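So you can see what is in the structure, the chains are spelled out below.
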Amino acid sequence: MKNQTDKPDYEKLVEEITGQNSSICYQCGKCSAGCPVREFTSTPPNRVVRYFQLGMYEKALSSPTIWLCAGCMTCTSRCPKNFKLSNFMDALREISIKEGFQSSDKKSVAFHETFLNQVKKFGRAFEFGFIRDYKLKTGQFFQDMDVAPSMFMKGKIGLFPHKVKGKEKIQKIFNNIK
Ligand code: SF4
Ligand code: SF4
């Protein structure tokens, strides 16, 4: 639980990052109805917005939903209020990391961190390294082992990092973000 005395103005932070205020959402639920990850979470995306509107920041910023969000933008394209929910989810992830909120879904957080580390190092995901690092982080050594052989055979898991043009520029972006 965060110390409430040094709590930042989360509304303002989200507004600065996304350029929009969550109060415009009127909870019609259209976003959640089309969200591809809705069935994997007990907190639909529109409820995350509701928590935020009600000042229940701990719940919004610790929600596994923000880490499950695939950034597909289905919600954004469907919203009758033109609320960019995918940007809102991005902002919540960013604030959640900065402010040290703990999601109960540690595996999704580990997935994001591992993926970004790969992009930072190699300019894009290096499949074998990604799987190795993710498994080391989570201890899920035998998860999805049944599909590994066919993925290898189909060339979906590269054993070596891909050659990527402009890798240094990508690393520069990461350094600037720091
Ligand atoms: S579709 Fe838009 S207005 Fe409706 S609940 Fe989702 S974010 Fe809010
Ligand atoms: S961007 Fe995230 S919240 Fe929106 S529909 Fe896609 S997965 Fe769901």
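*Asks:* How should the overall build of the chain be read in this particular structure?
*Replies:* A count of helical and extended segments in the chain gives 11 helices and 0 strands. Tracing the chain from N to C terminus, the helices and strands come up as α-α-α-α-α-α-α-α-α-α-α. C-alpha atoms of the chain, sized along the principal axes, occupy 50 × 35 × 30 Å. Burial analysis of the chain (178 residues in total) assigns 20% to the buried set. Look at the contacts in the chain between residues 6 or more apart in sequence, and 67% of them connect residues 24 or more apart.

*Asks:* Help me out: how do you make sense of helix α7 (residues 85–98) in this one?
*Replies:* Every α-helix carries 3.6 residues per turn, so stepping three or four residues along brings you back to the same face. A rise of 1.5 Å per residue sets the reference length of α7, with its 14 residues, at 20 Å; its end C-alpha atoms lie 20 Å apart and thus fit the reference within 8%. Listed as buried for α7 are L85, S86, F88, M89, A91, L92 and S96. Of the residues trailing α7, G100 is marked for its positive phi of about 75 degrees.

*Asks:* Honestly, unusual backbone geometry in this entry has me stumped. Any pointers?
*Replies:* Glycine aside, the phi torsion of most residues is negative, and most peptide linkages are trans. Here Q27, not a glycine, exhibits a phi torsion of approximately 60 degrees, which is positive. Within the fold, Q27 resides in the loop between α1 (10–18) and α2 (30–34).

*Asks:* What am I meant to see in the nonpolar core here?
*Replies:* The nonpolar side chains of a soluble globular protein tend to be buried, and buried together. One finds V49, A60, I66, L85, F88, M89 and L92 to be the most contacted residues of the largest nonpolar core, which totals 23 residues. Only α3 (45–53), α4 (57–61), α5 (64–68) and α7 provide two or more residues apiece to this core. No other element matches the 5 residues that α7 contributes to this core.

*Asks:* Teacher, can you tell me more about the site of ligand 2 here?
*Replies:* Around ligand 2 sit 15 residues, and of these C35, C69, C72, C75 and S86 come closest. Counting residues per element, the shell around ligand 2 draws most heavily on α7, at 3 residues. Of the residues in the shell around ligand 2, the class split is 12 nonpolar, 3 polar and no charged.

*Asks:* Which parts of the structure should I look at to understand the site of ligand 1?
*Replies:* As a matter of local geometry, ligand 1 sits amid 16 residues, with C25, C28, C31, N46 and C79 nearest to it. Contributions of two or more residues to the shell around ligand 1 are made by α2, α3 and α6 (74–78). Along the lines of polarity and charge, the residues of the shell around ligand 1 split into 10 nonpolar, 3 polar and 3 charged.

*Asks:* I'm lost on the packing of helix α8 (residues 106–122) against helix α9 (residues 127–138) in this one. Help?
*Replies:* Between two packed helices, what matters for the description is the angle formed by their axes and the separation of those axes. At a minimum axis distance of 9 Å, the contact between α8 and α9 shows a crossing angle of 145 degrees. Between α8 and α9 lies a crossing whose hand is right-handed. Within the contact between the two elements, α8 uses K107, A110, F111, T114, F115, N117 and Q118 and α9 uses G129, F130, D133, Y134, K137 and T138.

Each value, and the rule that gives it
- For every chain, the first residue of its written sequence is number 1, and the numbers climb from 1 along that sequence.
- Chains and ligands are labelled by the order in which they are written, letters from A for the one and numbers from 1 for the other.
- Per-residue local features are limited, in this predicted model, to residues with pLDDT of at least 70; the limit for side-chain atom pairs, both in listing and counting, is 80 or more; totals at the level of whole chains, interfaces and linings are taken over all residues.
- Segments assigned H or I by DSSP are reported as helices when at least four residues long, segments assigned E as strands when at least two residues long, and all are numbered from the N terminus.
- Exposed residues have 12 or fewer other C-beta atoms within 10 Å of their own C-beta, buried residues have 20 or more, and residues in between are partly exposed; the C-beta atoms are placed from the backbone.
- What counts as a contact is two residues whose backbone-derived C-beta atoms lie within 7 Å of each other.
- In this scheme, a helix's expected span is set at 1.5 Å multiplied by one less than its residue total.
- Linking buried Ala, Val, Leu, Ile, Met, Phe, Trp, Tyr and Cys residues through C-beta atoms within 7 Å yields a set, and such a set is a nonpolar core.
- Only the C-beta atom matters for nearness: placed from the backbone, it must lie within 6 Å of the molecule or strand for the residue to count as near.
- Side-chain classes follow a simple rule in which Ala, Val, Leu, Ile, Met, Phe, Trp, Tyr, Cys and Pro form the nonpolar group, Asp, Glu, Lys and Arg form the charged group, and the remainder, Gly included, forms the polar group.
- Convention adopted: a line fitted to C-alpha atoms gives each axis, helices being fitted over their contacting stretch, and angles between N-to-C directions are expressed from 0 to 180 degrees.
- Here a crossing is called left-handed whenever its near helix is offset anticlockwise from the far helix by less than a right angle, and right-handed whenever the offset is clockwise.

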